[in-house]
Amino acid sequence: MKSYDVIVIGAGPAGYVAAIRAAQLGLTTACIEGYRNKDGEPALGGTCLNVGCIPSKALLDSSDQYHRLLHTLPTHGITAGNVSLDVKAMIARKDQIVRDMTGGIKQLFQANKVDWLQGHGKLLDGKVVEFTPHKGKPEKLQAGSVVIATGSQPIEIDAAPLDGERIVDSSGALEFTSVPKRLGVIGAGVIGLEMGSVWSRLGAEVVLLEAQTTFLAAADNRIAREAQRQFEKQGLEIRLGARVTGTKVTSRGVTVSYEDDKGQQTLTVDKLIVAVGRRPNTENLFAADSNLLLDERGFIHVDDQCQTNIPGVYAIGDVVRGPMLAHKGSEEGIMVAEIIAGKAGHVNYDTIPWVIYTDPEIAWVGRTEQALKAAAVPIKSGTFNFAANGRARAMESAVGMAKVIAHAETDRVLGVHIIGPMASELIAEVVLAMEFGASSEDIARTIHAHPTLSEAVREAALSVHKQAIHKAN
Ligand code: FAD
Ligand code: NAD
């Protein structure tokens, strides 16, 4: 039986990073990946590179350029005539970026001598992995350690069965070849907001149906309120407390039935995106006698170091507890590779940044004010609006705010929440600050270049102690 020090199952951002780090550390490594892209070609990179983070950000950027050209550039004194939109070209650009990025992982595997085994992986007893190639017979491989990184897939709901035409999931929402006149989205979560923004900027009338009565419940309340205000101003219609009960597809569209506090309602749209969360990929992944334990929600059960109940078998990324974020999975991949190599791997789960790539962007790290208050932690907080930030004004992007929350007694930063321009980039500074256990005073006393958006973060930190310069405290 062929053997490897490490066999990784799944080559998304969790698995491919684990495989590269293991190989860097001198371990013989194979990575089994069964994905085929829409051209039928085997591809590395998982959900993130093929149908997730990267293609969605490509379309968010394209749609942002188009929207700015029409709606923001005139304010700068620039007008363009005969503006046209070629959705097929936009999708083709997105596809090329995906091809380049997934091809890049293939090259990294070659450079690091990671064997890419194209097909299906299944865990058997005794750290034996059964590999079934796309074409060919199953083969048994012996692993010193196994890393399961099989990711997740969209949750489907009976009330809105996908037909790939009128009713699609997030992957289908990346493939529209024209702008739907009316677009419905079930779920006003991260995917609903990002994909809703893409098609809204390109001209669709977008309605989001959200079951919860609170908008963006995971975000800080103040930021969520501001986000809802901004999105509604842009024309995204967000209907909260909407429980979808059924859908009817006709040649002219989809009629969605739902209930809210006013009773039974209907909504007719041309396309409907179902974005109600994702579930872990565990089907046909392990033999019954492998004794791998799942938790009550169907995720693979792991401890803080991603060790499963079987010694030497680890699980990382979306298939285990924690936020379904690419960078969280990648960090777990590095941790387990280092642990397998006998080093001290570690993930700080308290400093995982979250980003929603809407306009304005939303980003946060650490805990929200409502969570800290519920836990009776004494806090002080400070905010600063981008309206008073020179760079944001110059960019014509002066919306939103930065908010810093610190412990009332120690001043240690417990959470930073930003809604505004380039929040995705601004959050990195405070992630680093929290990683070093910074106080709000540390951020406030750090020199920030002028004029930059980052000054808003500094002013929010100053504002914790009512010392902000560019606002009345
Ligand atoms: P995946 O990326 O799902 O990869 C798992 C891989 O394992 C897949 O390629 C699958 O084919 C393979 N596999 C599964 N079972 C087997 C098997 N038995 N044998 C062989 N191979 C197998 N996150 C962010 O952090 N930022 C974003 O901007 C972002 N945007 C997103 C946008 C969209 C539209 C979506 C859907 C997701 C987005 N995410 C984003 C989430 C992110 O994509 C996931 O958190 C991330 O991909 C999880 O990585 P993973 O490696 O755990 O799993
Ligand atoms: P999500 O959990 O962010 O949002 C799903 C929303 O659907 C929730 O608000 C939920 O209340 C609602 N919902 C659930 N069932 C419903 C129903 N029957 N009717 C109406 N609403 C319903 O999940 P998502 O948007 O599908 O994204 C999946 C995962 O992918 C997320 O965990 C997210 O972390 C990840 N992701 C991350 C990014 C990013 O980091 N920028 C982008 C996209 C996706």
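Before reading on, note that the structure itself is shown above.
In this report, we go over the structure that sits alongside the text. Note that residues are indexed from 1 along each chain, following the sequence as it is written. A letter from A marks each chain and a number from 1 marks each ligand, given out in the order of writing. Given that this is a predicted model, residues contribute local features only at a pLDDT of at least 70 and side-chain atom pairs are listed and counted only at 80 or more, while totals for whole chains, interfaces and linings are drawn from all residues. Water and hydrogen atoms play no part in the side-chain values, which are based on all heavy atoms of the structure.

## Quick notes on the site of ligand 1
Here comes step 1: Consider each residue's heavy atoms; a residue with any of them within 4 Å of a molecule or strand counts as near. In the vicinity of ligand 1, 37 residues are found, and the nearest of them are Glu33, Thr47, Lys57, Asp318 and Ala326.
Here comes step 2: Reported accessibility uses the Shrake-Rupley method at a 1.4 Å probe radius. Residues are deemed covered only where the shown protein chains occlude them. In isolation ligand 1 exposes 1,000 Å². Once the protein is present, 91% of that is buried.
Here comes step 3: Listing elements by their share of the shell around ligand 1, those giving two or more residues are β2 (29-33), α2 (46-51), α3 (53-71), β3 (114-123) and α7 (326-340).
Here comes step 4: The element that contributes the greatest number of residues to the shell around ligand 1 is α2, accounting for 4 residues.
Here comes step 5: By residue class, the composition of the shell around ligand 1 is 16 nonpolar, 17 polar and 4 charged. Runs of E in the DSSP output that reach at least two residues are strands. Runs of H or I that reach at least four are helices, and both are numbered from the N terminus. Only Asp, Glu, Lys and Arg are considered charged, only Ala, Val, Leu, Ile, Met, Phe, Trp, Tyr, Cys and Pro nonpolar, and every remaining residue, Gly among them, polar.

## Focus: the sheet that holds strand β9 (residues 205-209)
Here comes step 1: Taken together, 5 strands build an open sheet; the order of strands is β7-β14-β8-β9-β10 and the sheet is parallel. Each of the sheet's edge strands pairs with one partner strand only, and the pair in question is β7 (167-168) and β10 (237-239).
Here comes step 2: Pairing between strands is defined by DSSP: at least two bridges between the two strands are required. Alignment of β9 against β10, held across 3 bridges, turns out to be parallel. Note on β10: the bridge partner recorded for leucine 209 is arginine 239.
Here comes step 3: Contacts: residue pairs with any heavy atoms within 4.5 Å of one another. Angular values range over 0 to 180 degrees, each being the angle between N-to-C directions of two axes fitted as lines to C-alpha atoms, with helices fitted over their stretch in contact. In this fold helix α5 (residues 190-201) packs onto β8 (182-186), β9 and β14 (271-274), with an angle of close to 165° to the strand it touches most, β9.

## Some remarks on the environment of phenylalanine 386
Here comes step 1: Mapping phenylalanine 386 onto the fold places it in the loop between β19 (379-385) and α9 (390-394).
Here comes step 2: Residue exposure (1.4 Å probe, protein chains only): buried if accessible area is under 20% of the type maximum, exposed if over 50%, otherwise partly exposed. Judged by relative accessible area, which is 0%, phenylalanine 386 ranks as buried.
Here comes step 3: As a C-alpha pair, phenylalanine 386 and glycine 400 span 14 residues in sequence and 5.7 Å in three-dimensional space.

## Quick notes on the packing of helix α1 (residues 15-24) against α7
Here comes step 1: Packing of α1 against α7 brings their axes to within 8 Å, and their N-to-C directions diverge by 30°. The angle between α1 and α7 places the two elements in the roughly parallel class. For the pair α1 and α7, the sense of crossing is right-handed. Between α1 and α7, the residues in contact are Val17, Ala18, Arg21 and Ala22 and Ser330, Gly333, Ile334, Ala337 and Glu338, respectively.
Here comes step 2: Residues of the contact of α1 with α7, tallied by class, amount to 5 nonpolar, 2 polar and 2 charged. Should an angle lie under 35 degrees it is considered roughly parallel, over 145 roughly antiparallel, and from 65 to 115 roughly perpendicular; all remaining angles are considered oblique. Helix crossings get a hand from a simple test, with the near helix turned counterclockwise from the far one by less than a right angle marking a left-handed crossing and a clockwise turn marking a right-handed one.

## Observations concerning the nonpolar core
Here comes step 1: For the purposes of this section, nonpolar cores are sets of buried Ala, Val, Leu, Ile, Met, Phe, Trp, Tyr and Cys residues that join through side-chain atoms within 4.5 Å. Counting residues in each nonpolar core, the largest one holds 37 residues, and the members touching the most others are Trp199, Leu216, Ile273 and Ile362.
Here comes step 2: Elements with a minimum of two residues in this core: α3, α4 (87-112), β8, α5, β9, α6 (221-234) and β18 (361-366).
Here comes step 3: Apart from residues no more than four positions distant in its own chain, leucine 216 is found in contact with Ala188, Leu193, Ala224, Ala227, Ile356 and Ile362.

## Regarding the state of the cysteines
Here comes step 1: A pair of cysteine sulfur atoms is labelled a disulfide when the two atoms are within 2.5 Å. Counted according to the given criterion, the structure contains 0 disulfides.
Here comes step 2: For cysteine 31, which is in no disulfide, the shortest distance to another cysteine sulfur is to cysteine 48 and amounts to 14 Å.
Here comes step 3: Cysteine 306 takes part in no disulfide bond, and the closest cysteine sulfur, belonging to cysteine 31, lies 16 Å away.
Here comes step 4: A residue is classified by how much of its surface remains accessible, and cysteine 306, at 0% relative accessible area, is buried.

## Some details on the site of ligand 2
Here comes step 1: Around ligand 2, the surrounding shell holds 20 residues, and the nearest of these are Ile191, Glu194, Glu210, Gly277 and Val355.
Here comes step 2: Contacts to ligand 2 include isoleucine 191, whose backbone N or O atom sits 2.9 Å from an oxygen atom.
Here comes step 3: Any pair of N or O atoms that falls within 3.5 Å is considered a polar contact. Within protein, one atom must be able to donate a hydrogen and the other to accept it, and sequence-neighbouring residues count only if both atoms are side-chain atoms. In this structure, an oxygen atom belonging to ligand 2 sits 3.0 Å away from a main-chain N or O atom of methionine 324.
Here comes step 4: Computed on the free molecule, ligand 2 has an accessible area of 840 Å², of which 76% lies beneath the protein chains in the complex.
Here comes step 5: Top element by residues in the shell around ligand 2 is α5. It accounts for 3 residues.
Here comes step 6: By residue class, the composition of the shell around ligand 2 is 12 nonpolar, 4 polar and 4 charged.
Here comes step 7: The residues that make up the shell around ligand 2 include at least three from each of domain 1 (2-154 + 279-347) and domain 2 (167-276). The source of the domain bounds is an automatic or database domain assignment.

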